[in-house]
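# Fold and contact review
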Amino acid sequence: MVMNFNQEVYNLLRLIPKGKVVTYSQIALCLGNVKLARAVGNALHNNPNPKLYPCHRVVNRKGELSKAFAFGGSGAQMKMLVDENTQFDRFNRVRLDICGFDIEKFIKSQN
DNA sequence: GCAATGGCCCATA
DNA sequence: CTATGGGCCATTG
């Protein structure tokens, strides 16, 4: 069965450990190149199952949360991350140096 | 097939 | 720091 792009994105989301986050560009790189970042955002927008796929663990390259988080407003994403002990800096940006998950490296180590 | 959409990224000013 | 313009890509209507 050939998986479409969105499904590839969702599969990657399940690899992100609780308390960690990845960026759109990281996912994009895993699927080909950084230019896919926008398509990744679109995939998350169409996330059919937020319970199974932790779309809240995806932030932009600066660690900022999405403005129009689709499920419960922007506050919801922040709450979920806080509940997972995700670390933030004083500007409400995720501490990528602490909570960033090198998913590309992880995948390689799994091979 | 075309046009619009999007939770992006990058360089530049 | 903000603002803008350009680019790229998959999905959707």
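In what follows, the accompanying structure is described. (Residues numbered from 1 in each chain as written. Chains lettered and ligands numbered in written order. Predicted model: local features only at pLDDT ≥ 70, side-chain atom pairs only at ≥ 80, totals over all residues. Heavy atoms only, no water.)

Along the chain, Gln77 falls in helix 4 (residues 74-83). From its side chain, Gln77 meets the backbone oxygen of His56 in a polar contact 3.1 Å long. Within the local environment of Gln77, its side chain forms a polar contact with the backbone oxygen of Val58, the two atoms lying 3.5 Å apart. If near-sequence neighbours (up to four positions away) are discounted, Gln77 is found in contact with Cys55, His56, Val58, Leu65, Ser66 and Phe69. (Helix = DSSP H or I, 4+ residues; strand = E, 2+ residues; numbered from the N terminus. Polar contact = N/O pair within 3.5 Å; in protein donor to acceptor, adjacent residues only side chain to side chain. Contact = heavy atoms within 4.5 Å.)

Moving on: the protein's contact with DNA strand C. By nearness alone, every residue bordering DNA strand C is listed as Asn4, Phe5, Asn6, Lys35, Leu36, Arg38, Ala39, Asn42, Asn46 and Arg93. Sugar and phosphate atoms constitute 62% of the interface atoms of DNA strand C, taking the interface as everything within 4 Å of the protein. In the environment of DNA strand C, a sugar or linking oxygen lies 3.4 Å from a nitrogen or oxygen atom belonging to the backbone of Lys35. For the surface near DNA strand C, the secondary structure elements donating two or more residues are helix 1 (5-13) and helix 3 (37-45). (Near = heavy atom within 4 Å.)

Another aspect to go through is the environment of Val34. Mapping Val34 onto the fold places it in the loop between helix 2 (24-30) and helix 3. When the C-alpha positions of Val34 and Tyr24 are compared, they lie 8.4 Å apart, and in sequence the two are 10 residues distant. Residue contacts for Val34: discarding those within four places in its chain leaves Ser25, Ala28 and Leu29.

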